[in-house]
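Chain by chain, the residues run as shown.
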There are 2 protein chains.
Amino acid sequence: MATILEVAKVAGVSKATVSRVLSGNGYVSQEKREKVFEAIAATGFRPNLLARNLATKSSQTIGLVITNTLYTGSYFTELMQHSARLMEQQGRQLLLVDGKHSAEEERAAIQFLLDLRCDGVIIYPRFLTTDEMDNIIAQHNQPILVINRRLRQHDSYCIYSDQQRSSAEAVEQLIALGHRDIAFITGSLDSPTGRERLAGYKAALQKQGIAVDEGLIVAGKWQAQNGMAAVNALVAQGRNFTALVASNDDMAVGALKALAQHQIAVPAQVAVIGFDDIPLAPFTIPALSSVKMPVTEMIQETIERLIAMLDGGEMRNDKMFSGELIVRESMGPGPHNNL
Amino acid sequence: MATILEVAKVAGVSKATVSRVLSGNGYVSQEKREKVFEAIAATGFRPNLLARNLATKSSQTIGLVITNTLYTGSYFTELMQHSARLMEQQGRQLLLVDGKHSAEEERAAIQFLLDLRCDGVIIYPRFLTTDEMDNIIAQHNQPILVINRRLRQHDSYCIYSDQQRSSAEAVEQLIALGHRDIAFITGSLDSPTGRERLAGYKAALQKQGIAVDEGLIVAGKWQAQNGMAAVNALVAQGRNFTALVASNDDMAVGALKALAQHQIAVPAQVAVIGFDDIPLAPFTIPALSSVKMPVTEMIQETIERLIAMLDGGEMRNDKMFSGELIVRESMGPGPHNNL
DNA sequence: TTGTACGCGTTATCAG
DNA sequence: CTGATAACGCGTACAA
């Protein structure tokens, strides 16, 4: 690999001059400038970013850490698409590294990006606790922004939506329509998101004076098959419910499938809490509603805030996003489904 | 950020010694070793990978370039999952950067990774031509492996499957079952994969002496909605067909949806050519078959070969993978569907 | 306008 | 076993 020094020799100038035409900083005569360009072409020179970043102490690069358990579904897709596009506009490079499947590995991934001297890193955590993240942020100079968690000590470093409220609103909609026996399929309860959505469900019921029936709550792990299993379990146990809320799109789809198999006509309302519009558009089913989580807005806010920190240094306050309930068709009360 | 020099001072040794305990190379007394560890902990030292990689001329890092138009569906998921897991076993870091949406940008992404001195890079191209890739590979020292393309000049640098053959086999299956009027939904024809699958369809027909009816070929762009539109078009034009092959899973799903809407009982066989098992498991529909493309095997072969090049230097020959037809249920001939 | 010389943080060579 | 010291490739004050 040709270095800047070889280019300098070929062009008959000093490395400083080459460096100047490369960076555009400083004056250099037209004549030498052309010599340099020729030499660059002749040698096939490429700048060594390691050396450059080491010298400049900056890399125009931003790291992103995502657990590979999230490499699934349209949520990840949307996240990546928008991140990439926004970074492109900013003229910076986005580097994705796998957060694997444990807190330790998520931490290592962040550390790697930091050691590589990325200007900043964004993490969509799955296993790290908020306290651990608060610590990590406190220990480093580079800004580390966190999506989908609320941190206690670093308000301006986290971007999140009110998961509990979004979940509660979906349930409240159903209650307003006259439903009282509302089943709920949880997400993984080792994830804060899963817990918050469950909490929203319970809060909505209690607020309306409806007793929480633990028998109507079935544990899931975000996968479609969990949705099917949940409905099968409810049916096997002979539970009564006229509506069902699943903690994300995938499980809702599974639930719908199972409902159909059990020949349960779907006035048994189904509210889907999840990300994005349901990814199975061609199979959209009547009576399917959804809470659209603001992925797009959050990633945009995250990147904008990060850039602001890098450029300006001035920090903005936190901001909370909220999910939006998408009603696909009238969710009228319908007949009680006695299974 | 504490440097190795500060650690040395705190520990009362030279930087060379610190470097030794860090790398594990060279002898160092137990006493000093402990001093160093203490100093590291005290200063919160973290190695600067830019400096390290610059000095070592190697980073245990491999870059991966994928166009963001592929950030969708289970194919990408599987690709990322496996890549990450395999790299993890190898003790190397995987860096994903966006290939965006043009040949120029794909080239830039590769260049970036190269400039960052990744040990090697893997690209899953979408817009770059094979000739361009041959050039790129020829111009660089670091190994650049290509998935899903067959290169003319660098056999050992590409891993691919025989798309045309896989496609042809699916069609041949249908022909063997007695089908003669087989519709085909193409992928984007600006992609080699799309063209090869179409070629396979035509080849299979011709081999059996069945004339290719251009009216049964409908253009799609890999998306579910294209599958729906294609079926709608076929119906609107009053085409006769007893079987349908879609160029990937997503379009097959859309096609199935449309077939259902048109009340076409599905003895109109549907063969799906696509990647992976169909991702919509809960909605699997009778008479749906699929060609499982060997993503897993290909990415594994790619990484193994790359590692071999980096470690050994000895190069292996190319190897072609083939898709495997997954028959979900008997694809018996069924009644002719006269639309 | 251009060149010299030093620094960036590590590794690696070579005396001691 | 340990410590100077020279790379690694590039940016940049400083001097000319």
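What counts and how
Residues numbered from 1 in each chain as written. Chains lettered and ligands numbered in written order. Predicted model: local features only at pLDDT ≥ 70, side-chain atom pairs only at ≥ 80, totals over all residues. Heavy atoms only, no water. Helix = DSSP H or I, 4+ residues; strand = E, 2+ residues; numbered from the N terminus. Buried < 20%, exposed > 50% of the residue type's maximum accessible area, 1.4 Å probe, protein only. Contact = heavy atoms within 4.5 Å. Areas by Shrake-Rupley, 256 points an atom, 1.4 Å probe, with all protein chains shown as cover. Pairing = 2+ DSSP bridges. Right-handed = clockwise from strand over helix to strand, strands pointing away. Domains from an automatic or database assignment. Buried area = accessible area lost by both parts, 1.4 Å probe. Salt bridge = Lys/Arg side-chain N within 4 Å of Asp/Glu carboxyl O. Polar contact = N/O pair within 3.5 Å; in protein donor to acceptor, adjacent residues only side chain to side chain. Nonpolar A, V, L, I, M, F, W, Y, C, P; charged D, E, K, R; others polar. Near = heavy atom within 4 Å. Least-squares fit on C-alpha atoms with pLDDT ≥ 70 in both. UniProt positions renumbered as here; feature names shortened; annotations may be inferred.

Looking at the overall build of chain A
Phase 1 of the analysis: Counting secondary structure elements, chain A contains 12 helices and 12 strands.
Phase 2 of the analysis: For chain A, the proportion of its 339 residues judged to be buried stands at 54%.
Phase 3 of the analysis: Within chain A, contacts between residues separated by at least 24 positions form 69% of all contacts whose residues are at least 6 apart in sequence.
Phase 4 of the analysis: When the accessible surface of chain A is summed, it comes to about 14,200 Å², and 49% of that surface belongs to carbon and sulfur atoms.

Brief notes about the pairing of strand 6 (residues 182–185) of chain B
All names here are of chain B.
Phase 1 of the analysis: Burial along strand 6 is two-sided: the residues Ile182 and Phe184 and Ala183 and Ile185 are all buried.
Phase 2 of the analysis: Here strand 6 pairs with strand 7 (residues 217–218) via two bridges, running parallel. The residue bridging Phe184 from the neighbouring strand is Ile217, located in strand 7.
Phase 3 of the analysis: In terms of handedness, the path from strand 6 via helix 9 (residues 192–207) over to strand 7 forms a crossover that is right-handed.

Here we look at the environment of Val212 of chain B
All names here are of chain B.
Phase 1 of the analysis: Tracing the chain through its elements places Val212 in the loop between helix 9 and strand 7.
Phase 2 of the analysis: Classification of Val212 as partly exposed rests on a relative accessible area of 25%.
Phase 3 of the analysis: The sequence separation of Val212 and Tyr201 amounts to 11 residues, and the corresponding C-alpha distance is 9.1 Å.
Phase 4 of the analysis: Residue contacts for Val212: discarding those within four places in its chain leaves Lys202, Leu205, Gln206 and Ile217.

A word on the domain arrangement of chain A
All names here are of chain A.
Phase 1 of the analysis: Looking at the assigned domains, one finds that chain A contains domain 1 (4–56), domain 2 (61–162 + 294–323) and domain 3 (163–292).
Phase 2 of the analysis: With 12 residues of domain 2 at the contact, the number on the domain 3 side is 17 residues.
Phase 3 of the analysis: Summed over both partners, the interface of domain 2 with domain 3 comes to about 1,200 Å²; 39% of that surface belongs to carbon and sulfur atoms.
Phase 4 of the analysis: For the domain 2 face of the interface with domain 3, the top three residues by lost area are Arg126, Asp162 and Gly323, together amounting to 42%.
Phase 5 of the analysis: At the junction of domain 2 with domain 3, the criterion picks out one salt bridge.
Phase 6 of the analysis: The shortest N-O distance in the salt bridge between Arg126 and Asp190 comes to 3.3 Å.
Phase 7 of the analysis: Where domain 2 meets domain 3, there are seven residue pairs in polar contact (both at pLDDT 80 or more).
Phase 8 of the analysis: Residues of the side of domain 2 that touches domain 3, tallied by class, amount to three nonpolar, five polar and four charged.

Observations regarding the interface of chain B and chain A
Phase 1 of the analysis: Facing 46 residues of chain B, the contacting portion of chain A comprises 47 residues.
Phase 2 of the analysis: Taken over both partners, the interface formed by chain B and chain A buries close to 4,600 Å², and the fraction arising from carbon and sulfur atoms is 64%.
Phase 3 of the analysis: Residues Asp115 of chain A and Arg46 of chain B are paired through a salt bridge, measuring 2.6 Å at the closest nitrogen-oxygen approach.
Phase 4 of the analysis: Our count for the chain B to chain A interface comes out at five residue pairs in polar contact (both at pLDDT 80 or more).
Phase 5 of the analysis: Among the elements of the structure, helix 4 (49–56), helix 5 (73–90), strand 2 (93–98), helix 6 (103–115), helix 10 (224–236) and helix 11 (249–261) of chain B are those that each provide at least two residues to the side of chain B that touches chain A.
Phase 6 of the analysis: Among the elements that line the side of chain B that touches chain A, the one with the most residues is helix 5 of chain B, at eight residues.
Phase 7 of the analysis: Counted by class, the side of chain B that touches chain A contains 23 nonpolar, 14 polar and nine charged residues.

Points about the protein's contact with DNA strand C
Phase 1 of the analysis: Around DNA strand C lies a shell of 25 residues, among which Thr17, Arg20 and Ser29 of chain A together with Ile4 and Arg52 of chain B are the nearest.
Phase 2 of the analysis: Protein-adjacent atoms of DNA strand C, using a 4 Å cutoff, are sugar or phosphate at a proportion of 63%.
Phase 3 of the analysis: A distance of 3.1 Å separates a phosphate oxygen of DNA strand C from a polar backbone atom of Ser14 of chain A.
Phase 4 of the analysis: Contact distances for DNA strand C include 3.2 Å between a base oxygen and a side-chain N or O atom of Lys15 of chain B.

Thoughts on unusual backbone geometry
Phase 1 of the analysis: Positive phi outside glycine occurs at Gln60 of chain A, with the angle close to 50°.
Phase 2 of the analysis: A positive phi is found at Lys57 of chain B, a non-glycine position, where the angle reads about 60°.
Phase 3 of the analysis: Looking at the element boundaries, Lys57 of chain B is found in the loop between helix 4 and strand 1 (61–66).
Phase 4 of the analysis: You can call Lys57 of chain B exposed: its relative accessible area is 75%.

As for the relation of the copies chain B and chain A
Phase 1 of the analysis: Rotating chain B by 180° and translating it 0.0 Å along the rotation axis places it on chain A, where the RMSD comes to 0.1 Å. What the rotation and shift describe, once combined, is the action of a two-fold rotation axis.
Phase 2 of the analysis: Interface overlap between copies: 100% of the residues of chain B at the interface are likewise at the interface in chain A, consistent with a symmetric, same-surface contact.

With respect to the UniProt feature "domain: HTH lacI-type" (unreviewed entry) in chain A
Phase 1 of the analysis: UniProt annotation of "domain: HTH lacI-type" (unreviewed entry) refers to residues 2–56 of chain A when read in the numbering used here.
Phase 2 of the analysis: Strand forms 0% of residues 2–56 of chain A and helix 71%; the C-alpha atoms that close the span are 20 Å apart.

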